[in-house]
Amino acid sequence: MNTTRHWPKRAFILSRALSRAFSDTPSPTFPLKHVTRSNFDSALVELRSHVRAADFVAIDMEMTGVTSAPWRESFEFDRFDIRYLKVKDSAEKFAVLQFGVCPFRWDSLKQSFIAHPHNFFVFPRQEIPLDRTSYEFLCQTTSMDFLAKYQFDFNACIHEGISYLSRGQEDDARKRLISPKGDQLTHLSHNLRETMDLPLVRVADVLFTERMKKRLGEWRDDLLQNRVGGPQEEKVPDDLNQQFRTVFFKMRPALSLDGFTSHQLSLIRMVTRKHFKDLTYVCFNGESTSEELVVYTDSESDKARLMEEVKNDHQRSAEMKINAAVGFRHVIDLLSSENKLIVGHNCILDIAHVHSKFLAPLPSTAEEFVSCVNKYFPSIIDTKILLNADYTLQRKMKRSSTSLSSAFSLLCPEIAHGFTRNVLSYEPCVKVEVHVDEMRSSNWNSGAKHEAGYDAFMTGCVFAQACSHLGIDFQLHSPSENLTQNEKLQKHMNLLYLSWINGDIIDLRTGNRSAELSGSNMIRKPYRKILFKNIVLLWGFPSKLKPSMIRDCICKTLGPSSVISTYCIDQTAVFVQFSKAELASDFLNLKETLEQSNDAISHLHPLSQLLEGGNTRAASYETYKEICASPISKVLFADQAEAVGIKWKTELLPSDKEESHDNTRSHLESAMDSPQAVQKSKTRNTEDVVNDSSNKRFCDDIIDSFLKVEKIRRTTNL
């Protein structure tokens, strides 16, 4: 049989089969579980059951911004403690608009994770009176533009966003509303003391009090004569009939007071207290409104019981208001109390926001920060850590970024691209089935990216796939097994990237800097080691000077190898890294000496170009930390330093402060005579040199020194 004659037909059949095998099955599209004020209570009940059954919970947030000033970006020259200060500043200044929570539960029957993505709209609305009038936060235009690009619903956030109280704010609210001193809100004792001696200086007040005294007396007398219906209409004007209404309060007859001004109510309180021992003025705070009442009590003990009942009602009402005002923090409390594994992607800023918004103000040091975080969330995994912990994953992602969307697309292609392949792919993907209300799908597309709920879903999918690469077989996973105790995850747990630029990792168990995992810098270029004691901070220099020009000025003075690098903070400030710590100290001393001298020598010095204008400031690296720790955020670094109060021209290193004044002239002379090294030797002070008869010979030496420096500069191409 000639098989060649049948090849076209066989090829056609094979191509049809392959086409069907690799064809994309359209994924069902249904939205996330969007949660606002209107459905928060029911969603919280549902979420509670999902979290309790979950193996881990993925989170993500959308914020109004990231950096409050350009110089607050993460820099290569940022020390570990300063990186935390920049994270702290961001979390304190910007708001969280969306909070994504996605519990993942392994279903052994379906051999799949079941995910329940929730997208909470959050807005810091003030629901109960606190000390401050309202919340304030910054908006970064790039962040807001990004959200708008992906159709973020700002109206839903502002009008329907769920408010919240931090733990500290809740404690303050309870002290104000529920403590014994809160009796002022019941108008029982406090207001009575306020109005007992209210002076009656106006005729209208005198007439009004007499009128009220008569009206209350008639009502009380009618009660005692068993005429509960109250006085007849002809005895009182119509307006009083409308303002007084007989009701029952706590099983006692009472008059409801309507339509009176606050001043009139104060007068009624005074009349009630001074003239009627069996009447009690009560302000009852209901769920939505408050009611002013005059209540009849038949004895002093009955009056005491009434006041206690009103106080208890007030406390219960205050409890309800506070619980409602706690709002979204109930979700945070749920995640904390269930002690589940929390998963985020590059989530140090997310965790800082959780601390700042829902726990307490952020502390000033990383050690205090992690102590609090570890108390409430003892098990946190950063998927970015996992992606750099496995050699296979590193090789897969070395040509791609480690952003969440890139990791999701690369590791979870079947989920990310919304189709199911009917043939085996080159490697298995951990299956995930999505449940949103009554809708389910193992092949799901939310229809909207860059929403916090969907990003939390992507984070959880990336985590599941990364675990598979680490050798965790979920098919052997038992429902009773706790992922927080998994040995293969333990070494990666509670480690977060404090900075991706330099590979700084913070250990949430200790607050210390942790060495980056071996081989984890395979994706990124190696970073250079920075000796912070060798760094001098410069700002306020002439705007025409570029970092390279600043380096040339210093090298002409201290030698061609004195400066390793310069790093631009912004157009008003730079870091200068010296090759030795001694050179940093010498530069600060020399700069101070030149600024104190106003003679021909200082004007001829190579540093004169840097000091031109008299506004150049210089300080050690610790001053940079002081500036970063300030809550102020000016756009330009020089303005920030001025606002913080860093106004001195030169801050000397601590070890050199005492000897700086003794050696001021020696630094100047040694810099002139030997451009390659600064010799520390005792010489005459500046005034002696200027007034010395050998001043001409000294100036000749300066010129010779300049010629030598220029020759060295040309030789070394500086």
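Its UniProt record, at the heading Cofactor (unreviewed entry), says of the protein chain: "a divalent metal cation". As recorded by UniProt, the Sequence similarities (unreviewed entry) comment attached to the protein chain reads in full: "Belongs to the CAF1 family."

Q: Which residues make up the pairing of strand β14 (residues 495–499), and what values go with them?
A: For β14, the buried fraction is high: five of the five residues fall into the buried class. Note: β14 against strand β15 (residues 504–507), four bridges, orientation antiparallel. Bridging from a neighbouring strand, L495 pairs with D507 of β15. Two successive antiparallel strands, β14 and β15, enclose a turn made up of four residues, where G503 displays a positive phi of approximately 75°.

Q: Any chance you could break down the sheet that holds strand β7 (residues 252–257) for me, citing the residues and the numbers?
A: The antiparallel open sheet is built from four strands, whose spatial order is β6-β7-β9-β8. Two strands close off the open sheet at either side, each with one partner strand: β6 (244–249) and β8 (279–285). Taking each pair of neighbouring strands and ignoring which way they run, the sheet shows an average axis angle of 35°. Bridge analysis of β7 against strand β9 (residues 290–296) gives four bridges, and the strand direction is antiparallel. When the sheet's bridge partners are listed, S256 is paired in β9 with L293. With respect to the sheet, helix α10 (residues 262–275) is in contact with β7, β8 and β9, its orientation differing from that of β8 by roughly 140°. Against the sheet, helix α11 (residues 300–326) engages β6, β7, β8 and β9, with an angle of about 10° to β8.

Q: Account for the confidence of the model for the protein chain, with residues named and values stated.
A: The share of residues in the protein chain with pLDDT of 70 or more is 76%, and the mean pLDDT across the chain is 80. A low-confidence stretch, residues 655–699 stays under pLDDT 50, and its non-local contacts, those more than four residues away or across chains, total 74 contacts.

Q: Could you give me a rundown of the environment of R125, with the residues and numbers involved?
A: Structurally, the position occupied by R125 is in the loop between β5 (118–121) and α4 (141–149). Sequence-wise, R125 and G161 are 36 residues apart; in three dimensions their C-alpha atoms are separated by 8.2 Å. Those residues within four positions of R125 in sequence are excluded, and the remaining contacts are R37, Y135, C157, I158, H159, E160, G161 and S163.

Q: Provide a residue-level description of the packing of aromatic side chains, including the pertinent values.
A: Counted under the stated rule, the structure contains 39 aromatic pairs. Connected via pairs of aromatic rings, a cluster forms that spans F30, F56, F104, W106, F113, F408, W444, Y454, F457, F463 and F474. The ring centre of F75 lies 4.1 Å from the NZ or CZ of K86, which sits over that ring. Stacked on the ring of F244, the Lys or Arg R215 has its end atom at 4.9 Å from the ring centre.

Calculation criteria
- Residues numbered from 1 in each chain as written.
- Predicted model: local features only at pLDDT ≥ 70, side-chain atom pairs only at ≥ 80, totals over all residues.
- Heavy atoms only, no water.
- UniProt positions renumbered as here; feature names shortened; annotations may be inferred.
- Buried < 20%, exposed > 50% of the residue type's maximum accessible area, 1.4 Å probe, protein only.
- Helix = DSSP H or I, 4+ residues; strand = E, 2+ residues; numbered from the N terminus.
- Pairing = 2+ DSSP bridges.
- Axes fitted to C-alpha atoms, helices over the stretch in contact; angles between N-to-C directions.
- Contact = heavy atoms within 4.5 Å.
- pLDDT = per-residue confidence, 0-100.
- Phe/Tyr/Trp six-rings, centres within 6.5 Å; stacked < 30°, edge-to-face > 60°.
- Lys NZ or Arg CZ within 6 Å of the ring centre and 35° of its normal.

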